[in-house]
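Here's the letter readout for the chains.
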Amino acid sequence: PVTVTLWHVYGGQTESPLNDLIDEFNETIGKEENIRVQVGSVTNTNTIHENVLASAFGDPGASKLPDMFVSYPKTVLAMPDDTELVDYYDYFTEEELNEFIPAFLEEGVIHERLSILPVAKSTEVMFINKTAFDRFAKETGAKMEDLKTWEGLFAMAEQYAAWTDNQTPDIPDDGKNFFVHDYHFNYFQVGVESLGENFFKGENLAFGPEFQTVWEPYAKAALSGGVWLRSGYATEPLRTGDSIVSVASSASVLYYSDEVTYADNTSEKVEIVSMPCPVFARGETMVMQRGAGICTVKSTPEKEKACITFLKWLTEAQKNVEFVTSLGYMPVKQEAFDVYLPEAIEKLSDPMYVSLYQAFLKTQENYTFYTAPKLDSYLDLETKFEELIRQTLSVKRLEWQEHPEDMDKLVSETLEDFKAAYTQ
């Protein structure tokens, strides 16, 4: 058979819904058409990004590029030559492409070539450890309703840090983080854009007046200890009880657990619920469009055709819904949304997934999907931002612990420190 390799991110090496579907493909259509799809690696998008670029730049010791790999636009933009990828416009008819949700396809168009085919899309949602939240609410009167706005969420994060600190009066400054965001860059980007201002200016950041609007509630909560500033994914502090609310890719539902294991090794069953992403009180109801797609590397006509056969099978409306609902993603075709998704939700048995898909439907109905611009500098801007913002706030938090009365002064100083460091 014609064997094609794939690097993907859907699940773990041992348990992956996509690997199961690939086995099904190999046993059916693959067998009929003499095609075999082989999974080379199941990891996360950051690792694939690094490995793809190492291969594309011919770094010593780098693996050969697979025939297909999961990618965001930033990976393709960072490649030395993106024409080594197949242009899907050459392989899909106009009629076939019209079945896809236009905004999802649009994200994969780079330099006027359709380099990334959407196979599963996600957005950002809020995950809440309802068990821990209810305990907090019972003592403080906190309402889940207030988490609908960023202003409400960050005010609550400050309150939670103080409340947890007060539980152990003999140990100073041991309050817990309330909130963790997977991508601080996305919070600022979507926040500023939702307030009607450009976040980017050319290949750099604009740092307009609304940046300060987005900065203030967030920085206050971070300085007072309510926001997780360490690196890593948002799933981790929720699994250890170090935080109880997160905003992350809806697809990360796969890594959330209904069990929390605390530092003292005790564990507790918890209920994880989802809500649409918070918005600013006076901002547009806007949320990040997320979810990578699949790139196909140019090779031989036989291999390219084999890849396309597999991708057409995976994005067929009914099969696509089967795939995405096992992972917490949205399907990529209108027919899938209209016909098969409502049926699939009714059959879901895991309450965490039911809650997620209810949040999805509300998001789909009420929000505008924001797509990040395809800037050559995007990845560098994002990486620098993530690193500097955590660093700047962590340093200033030590000052706040010495002088909590100086909060407003520290918030504005931190903004100036961050801008100065970022624009160096």
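Parameters at a glance
Residues numbered from 1 in each chain as written. Predicted model: local features only at pLDDT ≥ 70, side-chain atom pairs only at ≥ 80, totals over all residues. Heavy atoms only, no water. Helix = DSSP H or I, 4+ residues; strand = E, 2+ residues; numbered from the N terminus. Rg over C-alpha atoms; globule rule 2.2 N^0.38 Å. Areas by Shrake-Rupley, 256 points an atom, 1.4 Å probe, with all protein chains shown as cover. Lys, Arg positive; Asp, Glu negative; His and termini not counted. Charge placed at Lys NZ, Arg CZ, Asp CG, Glu CD. Buried < 20%, exposed > 50% of the residue type's maximum accessible area, 1.4 Å probe, protein only. Phe/Tyr/Trp six-rings, centres within 6.5 Å; stacked < 30°, edge-to-face > 60°. Lys NZ or Arg CZ within 6 Å of the ring centre and 35° of its normal. Pairing = 2+ DSSP bridges. Contact = heavy atoms within 4.5 Å. Axes fitted to C-alpha atoms, helices over the stretch in contact; angles between N-to-C directions.

Trainee: For this particular structure, what's the right way to read the overall build of the protein?
Mentor: Helices and strands together make up the secondary structure of the protein, namely 17 helices and 17 strands. Radius of gyration (C-alpha) of the protein: 22 Å, near the 22 Å computed for a compact globule of 424 residues. In terms of overall dimensions, the protein has C-alpha extents of about 70 × 50 × 40 Å along its principal axes. About 18600 Å² of surface is accessible on the protein, with carbon and sulfur atoms providing 49% of the total. Mean positive and mean negative side-chain charge positions of the protein (34 and 70 charges, respectively) differ by 1 Å.

Trainee: Help me understand unusual backbone geometry in this model?
Mentor: Most peptide bonds are trans, and most residues other than glycine sit at a negative phi. In this structure, Asn 34 is a non-glycine residue whose phi angle is positive, near 60°. By secondary structure assignment, the location of Asn 34 is in the loop between helix 2 (29-33) and strand 2 (35-42). A positive phi is found at Asp 173, a non-glycine position, where the angle reads about 50°. For Asp 173, a relative accessible area of 39% puts it in the partly exposed group.

Trainee: I keep staring at the packing of aromatic side chains and nothing clicks. Help me out?
Mentor: Aromatic ring pairs are described here by two measures, namely the spacing of the ring centres and the angle between the planes. Under the defined criterion, the tally for this structure stands at 49 aromatic pairs. Ring centres of Tyr 88 and Phe 92 lie 6.1 Å apart, and the angle between their planes is 80°; this geometry places the pair in the edge-to-face category. Note on accessibility: Tyr 88 and Phe 92 belong to one class, buried. A ring pair is formed by Phe 92 and Phe 100, whose centres lie 6.3 Å apart and whose planes are at 75°; its orientation type is edge-to-face. In this structure Phe 100 comes out as buried when scored by relative accessible area, which is 3%. Lying over the aromatic face of Phe 100, Lys 333 brings its terminal NZ or CZ to 5.0 Å of the ring centre.

Trainee: What exactly am I supposed to notice about the sheet that holds strand 2 here?
Mentor: Consider a sheet: its strands pair through backbone hydrogen bonds, and that pairing is either parallel or antiparallel. Here five strands make up an open sheet; going across it, the order is 2-1-3-16-6 and the pairing mixed. What marks the edges here is a single partner per strand, and that holds for strand 2 and strand 6 (117-118). Helix 1 (residues 17-27) contacts strand 1 (2-8) and strand 2 of the sheet and is inclined by roughly 165° relative to strand 2.

Trainee: Help me understand the pairing of strand 3 (residues 68-71), please; the structure alone is not making it clear to me.
Mentor: Remark: a regular strand shows side chains that alternate across the two faces of the sheet. What you see with strand 3 is no split at all: Met 68 and Val 70 on one side and Phe 69 and Ser 71 on the other are buried throughout. Two elements, strand 1 and strand 3, share two bridges in a ladder whose sense is parallel. Bridged to Leu 6 within strand 3 is Met 68. Bridging between strand 3 and strand 16 (residues 293-296) involves four bridges; their strand directions are antiparallel. Bridge pairing in strand 16 places Val 70 opposite Ile 294.

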